[in-house]
Amino acid sequence: MAKAYWIARVDVRDAERYKDYVSTAKPAFERYGAKFLVRGGDTHVLEGGARARNVIIEFASVADAKACYESPEYQAAVAIRQEVADADMIVVEGYEG
C-alpha cells in the first residue's frame, strides 16, 4: 500500500491562537499515525507563489490521511485554524521505489 502525504502551505495571522490549533489537532495526528517530515523551516521559492509555513505529514495510506482530516478531532482544529490562518492543503499519494 502506498503512503500518503498531507502538504500544507500556511500563512499564520495570529501566532498565539495558532498554538490552539496545534494542540487541538494533536489527538487526530496521534490517532492516525501522522509522521511530521517537514514543519516550518526556511523556504526558498524557485517558481510561483509561497506561503510562510510549509508542512509535510506522512500517513500510512490515503485512507488514513483523509480519515484524519475528516475526523471530529481534526475538524475542531480546522475551525480554529480557519480563524487564524490562511492555508492550502492537499493529500498526495506517494510511491516507494
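None of these values were measured; they are calculated from a predicted model.

J.: Just checking my understanding: could you explain the packing of helix α2 (residues 62-70) against helix α3 (residues 72-84) for this structure?
T.: The description of two helices packed together rests on the angle between their axes and the distance between the axes. Remark: α2 packs on α3, axes separated minimally by 5 Å, with the N-to-C direction vectors making an angle of 60°. With respect to their mutual orientation, α2 and α3 come out oblique. For the pair α2 and α3, the contacting residues are C68, Y69 and E70 in the first and P72, Y74, Q75, V78 and R81 in the second. Of the residues contributing to the contact of α2 with α3, the split by class is five nonpolar, one polar and two charged.

J.: What exactly am I supposed to notice about the environment of Y95 here?
T.: Assignment of secondary structure puts Y95 in the segment after β4 (85-93). What makes Y95 exposed here is its relative accessible area of 68%. On a C-alpha basis, the gap between Y95 and M1 in space is 8.7 Å, while along the polypeptide they are 94 residues apart.

J.: Sorry if this is basic, but what is going on with the packing of helix α1 (residues 15-31) against α3 here?
T.: In the contact formed by α1 and α3, the axes pass within 8 Å of each other and the chain directions differ by 155°. As judged from the angle between their axes, α1 and α3 are roughly antiparallel. The way α1 lies across α3 gives a crossing that is left-handed. Residues R17, Y18, D20, Y21, T24, A25, P27, A28, F29 and R31 of α1 form the contact with α3, whose own contacting residues are E73, Y74, A76, A77, I80, R81, E83 and V84. Its residues assigned to classes, the contact of α1 with α3 shows 11 nonpolar, one polar and six charged.

J.: Can you help me understand the side chain of R81 in this one?
T.: Along the polypeptide, R81 turns up in helix α3. No salt bridge is formed by the buried R81; the nearest opposite charge belongs to D86, separated by 8.0 Å. Here R81 is in contact with Y18, Y21, Y69, Y74, A87 and M89, once residues within four sequence places are set aside.

Reading the values: the criteria
Residues numbered from 1 in each chain as written. Predicted model: local features only at pLDDT ≥ 70, side-chain atom pairs only at ≥ 80, totals over all residues. Heavy atoms only, no water. Axes fitted to C-alpha atoms, helices over the stretch in contact; angles between N-to-C directions. Helix = DSSP H or I, 4+ residues; strand = E, 2+ residues; numbered from the N terminus. Parallel < 35°, antiparallel > 145°, perpendicular 65-115°, else oblique. Contact = heavy atoms within 4.5 Å. Nonpolar A, V, L, I, M, F, W, Y, C, P; charged D, E, K, R; others polar. Buried < 20%, exposed > 50% of the residue type's maximum accessible area, 1.4 Å probe, protein only. Left-handed = near helix turned anticlockwise from the far one by under 90°. Lys, Arg positive; Asp, Glu negative; His and termini not counted. Salt bridge = Lys/Arg side-chain N within 4 Å of Asp/Glu carboxyl O.

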